2 protein chains.
Amino acid sequence: MTRLPAGFKASGIACGLKKKGPDLALWLCDRTATAAALFTTNRFRAAPVCLSAAHLIRTGGRARAIVINSGCANAATGRRGLAAARRTAFEVARQAGVAPETVLLASTGVIGEHLPVARLVAGLPAAIAGLGAGGLERASRAIMTTDTRPKTAEASFRWRGRTVRIAGCAKGAGMVHPRMATMLAVLLTDAAISPGLLRRALGEASRHSFESISIDGDTSTNDSVFLLASGASGVRIRKKEGSWARFVHSLGLVAGSLARQIVADGEGARRTLEIEVTGARDRDLADRVARAIACSPLVRTALAGGDANWGRILAAAGAAGVPFDPAGVSVSIGGVTVARRGAAVRYDRRRVDRLFRRPGVKVRVGLGRSAGRARMLTCDLTSGYVRINADYRS
Amino acid sequence: MTRLPAGFKASGIACGLKKKGPDLALWLCDRTATAAALFTTNRFRAAPVCLSAAHLIRTGGRARAIVINSGCANAATGRRGLAAARRTAFEVARQAGVAPETVLLASTGVIGEHLPVARLVAGLPAAIAGLGAGGLERASRAIMTTDTRPKTAEASFRWRGRTVRIAGCAKGAGMVHPRMATMLAVLLTDAAISPGLLRRALGEASRHSFESISIDGDTSTNDSVFLLASGASGVRIRKKEGSWARFVHSLGLVAGSLARQIVADGEGARRTLEIEVTGARDRDLADRVARAIACSPLVRTALAGGDANWGRILAAAGAAGVPFDPAGVSVSIGGVTVARRGAAVRYDRRRVDRLFRRPGVKVRVGLGRSAGRARMLTCDLTSGYVRINADYRS
């Protein structure tokens, strides 16, 4: 069981926003934590995203509590939605005895429906009563929508005789294609760190985790990652010390684990596909090619069928709008080269199909001799995805 | 039955490239026709695309024959693929008694497998023997892959006592997201027209037809549209006459009909979705938003479920990377407004869900008050699509 870092408590309860199951999660820090967050770049930012961003600006990167509900995204809900988010923050603050602007919020569920805020507020006393050092798993269950399992991860490192702990949880499943932003994730640490450094650490850790995954190419209106640092470990992270590198590395481990868990539990997913693109002119161009492959329905249905139809990988790369010489392109699947200089080579098709049926498949696309590289993680597109999303509201 | 315009003959036969069914189509003009074409912008252009483009440059826009095979895309096949395409053109030319550079080619099927060119060449005598004025439907069947039905269309107009006819056929089904290019389509007319004007007419007609559709967001390596004009009607199309407007209009009718047929017969499709985006700053920005909505798996699975979950439409628009004010956005489904000023409005959900279950659904997204508008046509994403594409090669 994933433990919370020192200084934090969490809980997860049911308040009736979903037909069944827990739907309200709360995290509380026993002191003012430094806080950083990344939010969706979708033009339609949900009300809790707008309010959380405003709170972080007002506090200069400090927070005491995070409250997340599932069952309703509170997005495309106009002024009434913003009032519902404000009311939620106000009630959490009042009942937990903290300042309203130190409350961060997130919501997940159907877009365009109003949040039943009275029901949420009525659930807060139980959420506060339930707060405990062992509450992370309950909280991680309360933020699930079509996720089939909760996602938590932890890491720790020693620094000058003391232990720094980092723990987190996340939800994913569908509408997952975070861009300059990410999914719902809560990361907590007992390190002591300034708001500026915390923001930077979160940016570095997210780039290769939450920002390098896609389930369906759809970027949500509600993506949010929060990172709170209580300082309760007594270890201060400073930029010019080894503590910074260790902190960023450990944070990357937690974020990376959560990101992989999100993809592995993508709606209807049975396999993951890791796409590594190398040899592009720069990282951005490599990233565009990797994203084009990761978002290709034809690549993802081939993965579902366990059919290593690499021509689709090549076609998706070619349609990415990125300049490269087709005659310099190579493709390998699970380490076996299937195309070189832009054309088919002889290979053992049965062996490659077998590699393509593993739970985790790796594809490498070499575009040329330059140094730009990027990696994306996605999952297969199955009938299960279609079924889940054709029936989601009904 | 769609008739060929004067001057053309066509045929479709089986030469064994596919496990069963016709797989080789041939069109022949009884004189040198003016010719125009649009090809895929995918970086991996198939061998027949490269050769056809070269032929059109060499002839300055003239052609006598078009040969298309299904069962193999002849893409990502390197020099051997190009040699196979050259051999095909050479054999068609020799057996039909025309010059090799007046033969245009296209292929469709699996990418990265070599074309069994001997089998194709062995089928040519039957294809030539089968040529007839009533052969368009047989040809249109021979270019099908996962298409469930052949697609043909025709239009005609009168000019100074004479009739100009335009007829065409196309194939689609999967890997359909033509960009500055299009699907496999053959358009024929008996108008007399210069190569330059013919190119321009094809560009105008394709923009609102083949280039405004998407099935799965995947742009093929083999997209090609050919337009041949025999001149056999005796009507010359001139830019500064009413004949030009009538010709472009009629050509647009044929191209538009074929494009709609392609989307309606998209792999696994049961419904089409027409997305109209208005009020963007310019046409390109409107087009990007329309494409983002048309490519959203969540929008397309909602369509499959007949669930008018418009929040997904709004989220897809917001993630298109296009600047607009969310508070100025409206969404309507089948004429019923469901969101205004970026937020939910009251509406009859049962009625809107009913509208969303029609075979053809219309969605309109208003982004603001500017004049930029665009339209995209797509289809629903069903379990059928996943099944077809998970099993395609096996």
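S.K.: Explain helix 1 (residues 47–59) of chain A to me, please; I cannot follow it from the model alone.
M.R.: For an α-helix, the turn length of 3.6 residues means that residues three or four places apart are oriented alike. All names here are of chain A. Look at helix 1: 18 Å from first C-alpha to last across 13 residues, which is about the 18 Å you get at 1.5 Å a residue. Where helix 1 is buried, its residues contact strand 2 (24–39), strand 3 (62–70), helix 2 (78–96), strand 4 (103–108) and strand 8 (224–229). In the segment just after helix 1, Gly60 is the residue with positive phi, at about 65°.

S.K.: In this structure, what is going on with a positive patch on the surface? I would like to understand it.
M.R.: A cluster of like positive charges, contributed by Arg350(A), Arg351(A), Arg354(A), Arg357(A) and Arg358(A), occupies part of the molecular surface. You can call Arg351(A) partly exposed: its relative accessible area is 42%.

S.K.: Explanation requested: the pattern of salt bridges in the structure shown.
M.R.: For side chains bearing opposite charge, pairing can occur when the charged atoms are close. Per the stated rule, a full pass over the model turns up 36 salt bridges over all chains. In this structure, the salt-bridge partner of Arg31(B) is Asp30(B), at a minimum N-O distance of 2.8 Å. Close ionic contact of Glu241(B) with Arg160(B) constitutes a salt bridge, the shortest N to O distance being 3.5 Å. Of this pair, Glu241(B) sits in the loop between strand 8 (224–229) and helix 6 (242–264) while Arg160(B) sits in the loop between strand 5 (151–159) and strand 6 (162–171), and the two are 81 residues apart along the sequence. Overlapping salt bridges bring together Glu274(A), Glu276(A), Lys362(A), Arg364(A), Arg373(A) and Arg375(A) as one network.

S.K.: Is there a simple way to explain the environment of Ser250(A) in this structure?
M.R.: Residues and elements named next belong to chain A. When you line up the elements, Ser250 lands in helix 6 (residues 242–264). Sequence-wise, Ser250 and Ala185 are 65 residues apart; in three dimensions their C-alpha atoms are separated by 16 Å. Beyond its immediate stretch of four places on either side in the chain, Ser250 contacts Ala155, Ser156, Phe157 and Ile166.

S.K.: Please explain the packing of helix 1 (residues 47–59) of chain B against helix 2 (residues 78–96) of chain B as it appears in this structure.
M.R.: Packed helices, taken two at a time, are described by the angle between their axes plus the distance between the axes. Residue and element names in this part refer to chain B. Axis separation between helix 1 and helix 2 bottoms out at 8 Å; the angle between their running directions is 55°. The angle between the axes of helix 1 and helix 2 places the two elements in the oblique class. For helix 1 against helix 2, the interelement crossing comes out right-handed. Here Ala47, Pro48, Cys50, Leu51 and His55 of helix 1 lie close against helix 2, whose contacting residues are Gly81, Leu82, Ala85, Arg86 and Ala89. Looking at side-chain class alone, the contact of helix 1 with helix 2 contains seven nonpolar, two polar and one charged residues.

S.K.: I keep staring at helix 8 (residues 297–304) of chain A and nothing clicks. Help me out?
M.R.: The buried fraction of helix 8 of chain A amounts to eight of the eight residues, a majority that puts the element mostly inside the structure. In this structure, the buried side of helix 8 of chain A is in contact with strand 9 (272–280), helix 7 (283–294), helix 9 (310–318), strand 13 (360–366) and strand 14 (372–379) of chain A together with helix 11 (383–390) of chain B. Of the residues flanking the end of helix 8 of chain A, it is Gly306(A), one or two places downstream, whose phi is positive at about 60°.

S.K.: Help me understand the interface of chain A and chain B in this model?
M.R.: You'll often see interface size given as the accessible area lost when the parts meet. With 55 residues of chain A at the interface, the matching set in chain B holds 55 residues. Between chain A and chain B, roughly 4400 Å² of surface is buried when both sides are summed, and carbon and sulfur atoms account for 59% of that area. The interface formed by chain A and chain B holds two salt bridges in total. One salt bridge connects Glu113(B) with Arg349(A), and the closest N-O pair in it is separated by 3.9 Å.

S.K.: Please explain the side chain of Thr59(A) as it appears in this structure.
M.R.: With respect to the helices, strands and loops of the structure, Thr59(A) is situated in helix 1. Apart from the residues within four sequence positions on either side, Thr59(A) is in contact with Glu101(A) and Thr102(A).

Reading the values: the criteria
- Residues numbered from 1 in each chain as written.
- Chains lettered and ligands numbered in written order.
- Predicted model: local features only at pLDDT ≥ 70, side-chain atom pairs only at ≥ 80, totals over all residues.
- Heavy atoms only, no water.
- Helix = DSSP H or I, 4+ residues; strand = E, 2+ residues; numbered from the N terminus.
- Expected span 1.5 Å × (residues − 1).
- Contact = heavy atoms within 4.5 Å.
- Patch = residues over 30% accessible without salt bridge, like charges linked within 9 Å, V, L, I, M, F, W, Y side chains within 5 Å.
- Areas by Shrake-Rupley, 256 points an atom, 1.4 Å probe, with all protein chains shown as cover.
- Salt bridge = Lys/Arg side-chain N within 4 Å of Asp/Glu carboxyl O.
- Lys, Arg positive; Asp, Glu negative; His and termini not counted.
- Charge placed at Lys NZ, Arg CZ, Asp CG, Glu CD.
- Buried < 20%, exposed > 50% of the residue type's maximum accessible area, 1.4 Å probe, protein only.
- Axes fitted to C-alpha atoms, helices over the stretch in contact; angles between N-to-C directions.
- Parallel < 35°, antiparallel > 145°, perpendicular 65-115°, else oblique.
- Left-handed = near helix turned anticlockwise from the far one by under 90°.
- Nonpolar A, V, L, I, M, F, W, Y, C, P; charged D, E, K, R; others polar.
- Buried area = accessible area lost by both parts, 1.4 Å probe.

None of this, on its own, says anything about what the molecule does.
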